[in-house]
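# Chain and residue survey
Residue strings, one per chain:
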Amino acid sequence: MNNYTKKEIVDLLKDDSQTQWIFDTADGVRKQYVGDNIHLRALIEFSNICKNNCLYCGLRCANKNVERYRLTEEEIISHAQKAVELGYKTIVLQGGEDDFYSKDILCKIISQIKNFDVAVTLSLGEKTFEELKAFKDAGADRYLLRIETTDKNLYKKMHPYMDYNNRIKCLENIKKLGYEVGTGCLVGLPNQTFDSLAEDILFFKEIEADMIGIGPLITHPQTPLKDECNGDFNLSLKVMALTRILLKDINIPATTAMETLVQNGRILALQSGANVIMPNITDFEVRKKYEIYPNKNTILQDLQENKSKIESLIKSIGRTVSNEYGFRKGGKNER
Ligand code: SAM
Ligand code: SF4
């Protein structure tokens, strides 16, 4: 079970009769390697301004129907403080690729958040080695940068003016600098094949990722993909479960896209290999504008109420809420 070949992965992805076996096996591997604890990470969506034009994303720069926003330094810190008061042990800073936030501004924000004694995850898109190094020196612990797809032709079509090799280079730099490395893919991109999904899973293993986020594509009406179908929920779950089976002790979130696509999607993900939830703690009015896909904001407005609801959900499936920082178990950064 350690070393599926590409053909074996493709066969498993295609074969519907294996679906439940894959989910159950992934759940067993999750239990054996990372236990029943579920890590909660507080997500702050601090800017919806993006210079990129990814074909699937509602925040793409060509979408003129978005009311754009940027949180100030003080607003970001006060969001983080609120998260800490609620008991979160990881803060995730996510945004479009917005050059307004210079290296120095971001370093200041990171080091102030680190004063709260939390782990900091960044999801800021592609950055130079110098920027990544400065963020790491300022205290950032983890970096999320999905490869989105390892099919180079598909990558090129989905990401005008972006360069697949640069994305790979960024991931290598993230690793070299000692971050916990997070990547992942979208499931359901137009013309994506089982072959390329199998390549994605093998890629996650090859780069020895510490965190993998997998989500179905949810089409946004103001993007070029508006007439495409949404990604298939079960297929996304299968990609996620096979990733758990192969990578074993990594951290895997039950993604918001899964919950958006299917009611209880998050629970199903937690029972098929996932061990992380990333509740959105961005102010309600702001959060509505971070519309990467429609109907994303299914969570409660009151942050305490929302956290309690998630915790009850976790307990209802016999799992426990972690009070640790949530580093990869046994990983070099664990503390
Ligand atoms: N700009 C940064 C980046 O691209 O890495 C971080 C923010 S971006 C909104 C975070 C993730 O959202 C992307 O990696 C992408 O996989 C996901 N995403 C964007 N549009 C989506 C859509 N329509 N459906 C599902 N996921 C989507
Ligand atoms: Fe920008 Fe990220 Fe959306 Fe691409 S996925 S348009 S980089 S916010």
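First things first, this report covers the structure right here in the doc. (Residues numbered from 1 in each chain as written. Chains lettered and ligands numbered in written order. Predicted model: local features only at pLDDT ≥ 70, side-chain atom pairs only at ≥ 80, totals over all residues. Heavy atoms only, no water.)

### What about the sheet that holds strand β5 (residues 142–144)?
Here is the rule we go by: For two strands to pair, DSSP has to find at least two bridges joining them. Every helix listed is a DSSP run of H or I at least four residues long, and every strand listed is a run of E at least two residues long, numbered separately from the N terminus. Lines fitted to C-alpha atoms define the axes, with helix axes restricted to the stretch in contact, and inter-axis angles between N-to-C directions lie between 0 and 180 degrees.
Taken in spatial order, the six strands of this open sheet run β2-β3-β4-β5-β6-β7, and their pairing is parallel. The sheet is open, and its two borders are formed by β2 (42–47) and β7 (211–216), each paired with just one other strand. Strand-to-strand twist across the sheet, computed as the mean angle between neighbouring axes with direction ignored, equals 20°. Of the pairings in the sheet, the one linking strand β3 (residues 90–95) to strand β4 (residues 119–123) comprises five bridges and is parallel in character.

### Re the site of ligand 1
Put simply, the rule reads: We call a residue near a molecule or strand whenever a single non-hydrogen atom of that residue lies within 4 Å of it. Residues adjacent in sequence count toward polar contacts only when both atoms are side-chain atoms; beyond that, a polar contact is any pair of N or O atoms within 3.5 Å, and within protein one must be able to donate a hydrogen and the other to accept it. Residue burial considers only the protein chains on display, and all accessible areas are found by Shrake-Rupley using a 1.4 Å probe. Each residue gets one of three labels, nonpolar for Ala, Val, Leu, Ile, Met, Phe, Trp, Tyr, Cys and Pro, charged for Asp, Glu, Lys and Arg, and polar for the others, Gly among them.
Surveying the vicinity of ligand 1 reveals 17 residues, the closest of which are Tyr56, Gly95, Arg146, Glu148 and Ile218. Between ligand 1 and the protein, one listed contact pairs a nitrogen atom with a backbone N or O atom of Tyr56 at 3.0 Å. At 2.8 Å, a backbone N or O of Ile218 approaches a nitrogen atom of ligand 1. When ligand 1 is considered free in solution it has 550 Å² of accessible area, and contact with the protein chains removes 91% of it. Here the shell around ligand 1 is composed, by residue class, of nine nonpolar, five polar and three charged.

### What about the pattern of salt bridges?
Spelled out, the test is: Salt bridge, as applied in this entry: a Lys or Arg side-chain nitrogen positioned within 4 Å of an Asp or Glu carboxyl oxygen. Burial classification: accessible surface area is computed with a 1.4 Å probe over protein chains only, and a residue below 20% of its type maximum counts as buried, one above 50% as exposed, and the rest as partly exposed.
For the coordinates displayed, the defined rule picks out 23 salt bridges. The partner of Lys6 in a salt bridge is Asp195, and the shortest N-O contact between them spans 2.9 Å. With a gap of 189 residues between them, Lys6 in helix α1 (residues 6–14) and Asp195 in helix α8 (residues 194–206) connect regions that are remote in the sequence. Residue classification places Lys6 among the partly exposed residues on the basis of a relative accessible area of 26%. We note a salt bridge from Glu311 to Lys307, for which the minimum N-O separation is 2.9 Å.

### Structural notes on the environment of Leu225
Note the threshold: Here, two residues are considered to be in contact whenever any of their heavy atoms come within 4.5 Å of each other.
Assignment of secondary structure puts Leu225 in the loop between β7 and α9 (233–247). What makes Leu225 buried here is its relative accessible area of 5%. Separated by 36 residues in sequence, Leu225 and Leu189 place their C-alpha atoms 8.9 Å apart. What Leu225 contacts, discounting residues up to four positions off in sequence, is Leu55, Tyr56, Met158, Pro190, Leu217 and Thr219.

### A look at the state of the cysteines
Let me state the cut-off plainly: Disulfides are defined in this document as cysteine sulfur pairs within 2.5 Å.
Scanning the model with the defined rule gives zero disulfides in all. As a non-bridged cysteine, Cys170 has Cys54 as the owner of its nearest cysteine sulfur, 13 Å distant. Residue Cys170 is classed as buried on the basis of its relative accessible area of 4%.

### Comments concerning the site of ligand 2
Around ligand 2, a shell composed of Cys50, Asn52, Cys54, Cys57, Arg60 and Gly96 is seen. A per-class count over the shell around ligand 2 returns three nonpolar, two polar and one charged.

### What to know about the environment of Ala134
Mapped onto the secondary structure, Ala134 falls in helix α5 (residues 129–137). Note on Ala134: relative accessible area 15%, which makes it buried. As for Ala134 and Pro190, which are separated by 56 residues in sequence, their C-alpha atoms are 37 Å apart. With sequence-adjacent residues up to four places away left out, Ala134 is seen in contact with Lys103 and Cys107.

### As for unusual backbone geometry
Positive phi, normally seen in glycine, also occurs at Asp117, with a value near 60°. Note that Asp117 resides in the loop between α4 (103–114) and β4. Here Asn191, not a glycine, exhibits a phi torsion of approximately 65°, which is positive.

### Considerations on the sheet that holds strand β1 (residues 37–40)
Spatially, three strands are ordered β8-β1-β9 in an open sheet, and the strand pairing comes out parallel. Two strands close off the open sheet at either side, each with one partner strand: β8 (276–277) and β9 (320–321). By the bridge criterion, two bridges tie β1 to β8 in an arrangement that is parallel. Counted as the bridge partner of Leu40 is Ile277 from β8. Of the strands in this sheet, β1, β8 and β9 touch helix α13 (residues 303–316), which is tilted by about 160° from β1.

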